[in-house]
Amino acid sequence: MVGVGAFGRNHARVFRGLAGEQPLELVAVVDGDPARATAVAAEFGTRAYSSVEAMLAAEKLDAAVVAVPTIAHLEVARHLMCAGVDVMIEKPLAVNLEQADELIATAKQHGRVAQVGHLERFNPAVRATLPLITTPMFFEVHRLSVFTPRSLDVDVVLDLMIHDLDVVLSLVKSEVRDLHAAGLPVLSPNVDIANVRIEFETGCVANFTASRVSTERVRKLRFFQPYQYVSVDYSRRDVFSLTVQPSEGHGVPEVVPSKPAVVPEEPLKSELKSFVNAVRERSTPEVTLADGRRALALALEIQRQIAEHTERAHLRELMSRSLVSR
């Protein structure tokens, strides 16, 4: 386990729990803050190191989770893979596509199992939705959070929206034809609220709204496909659908509501179990580095278009004048 900040510590917690269910050992945790590494190691009964080099010199391990800041993903994951260690790399995969391509090439060169940590793919509600998918044609997605000082080194697109970009890409399975995006910094130097409209080659349209300056927490994905509406609530982990069933003759079609069965399990636990299985079976992970690159490429294009819109609308000057006038 490399990187044991707030989210990395959760990984360590779940790995420790999995070790009680199957042949698995949480060998070590690594963090640049020795005190934090020591505290997490003590909490979960393992050993602490302050660098990947020190851990590799002292321990024999098969796989590792990389939960360091995105800017360090390439260096850390490449070091591990070159040492013969399979990796799960937290999202976003890298800071740019060149680094993502290098990670993909390194995994291929060294025959490593490499997965990306797009957690919502393992949300029980998302997994319960998969059997319903036919031909999605319209998505409406909202991911709203109350402001916290976490992850302010990246904007809301890479912090929050990328979750939904990955999920929709996995459901639509089509190339992007066109997109329009706008966003604003509100409480941080980076964009804190963004809206995106994407049209795919299939004709499917998806609207995304992501905000980390909301007064409430919302995690919802809704989509329409022929004769069906499906609503997914990530937070409540449930699914609701309305299906139109034609009536005999010329009568009014019947609209049938249903709630598909959802198998309850913590998404992080499902994700780590999936990674461990891929490592054991030497199989393709459920979320590949190519998937991570695809979501990253779309997020970076959204960032580019937001920057263009900001320039075109003179939003920075407008925001500056507004602050001065107060």
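Residues numbered from 1 in each chain as written. Predicted model: local features only at pLDDT ≥ 70, side-chain atom pairs only at ≥ 80, totals over all residues. Heavy atoms only, no water.

Q: Help me understand the sheet that holds strand β12 (residues 238-245), please; the structure alone is not making it clear to me.
A: Each strand in a sheet pairs with its neighbour through backbone hydrogen bonds, running either in the same direction (parallel) or in the opposite one (antiparallel). If you trace the 8 strands from one edge of the open sheet to the other, you get β7-β8-β9-β6-β10-β11-β12-β13, paired in mixed fashion. The sheet is open, and its two borders are formed by β7 (176-184) and β13 (254-258), each paired with just one other strand. Ignoring strand direction, the axes of neighbouring strands in this sheet form an average angle of 10°. Pairing of β12 with β13, which is carried by 5 bridges, proceeds in the antiparallel orientation. Within β13, the residue paired with S241 across the bridge is S258. Helix-sheet contacts for helix α9 (residues 289-312) involve β7 and β8 (193-200), and the interaxial angle to β7 is about 55°. (Pairing = 2+ DSSP bridges. Helix = DSSP H or I, 4+ residues; strand = E, 2+ residues; numbered from the N terminus. Axes fitted to C-alpha atoms, helices over the stretch in contact; angles between N-to-C directions. Contact = heavy atoms within 4.5 Å.)

Q: Explain the layout of surface pockets to me, please; I cannot follow it from the model alone.
A: Rolled over the atoms, a probe sized like a water molecule indicates the empty space that remains. Estimated volume of the second largest pocket: approximately 400 Å³. Forming the walls of the second largest pocket are 19 residues, and the residues nearest its centre are L24, E25, V27, D62 and A63. Put simply, the parts of the chain that give the lining of the second largest pocket at least two residues each are β3 (63-66) and α8 (267-281). Take the lining of the second largest pocket: its biggest share by element is 4 residues, from α8. Residues that form the lining of the second largest pocket fall into these classes: 15 nonpolar, no polar and 4 charged. (1 Å grid on protein atoms, 1.4 Å probe; cavity = no way out; pocket = protein on both sides within 12 Å on 5 of 7 lines; lining within 4 Å. Points joined across faces, edges and corners; volume = space filled by probe spheres on them. Nonpolar A, V, L, I, M, F, W, Y, C, P; charged D, E, K, R; others polar.)

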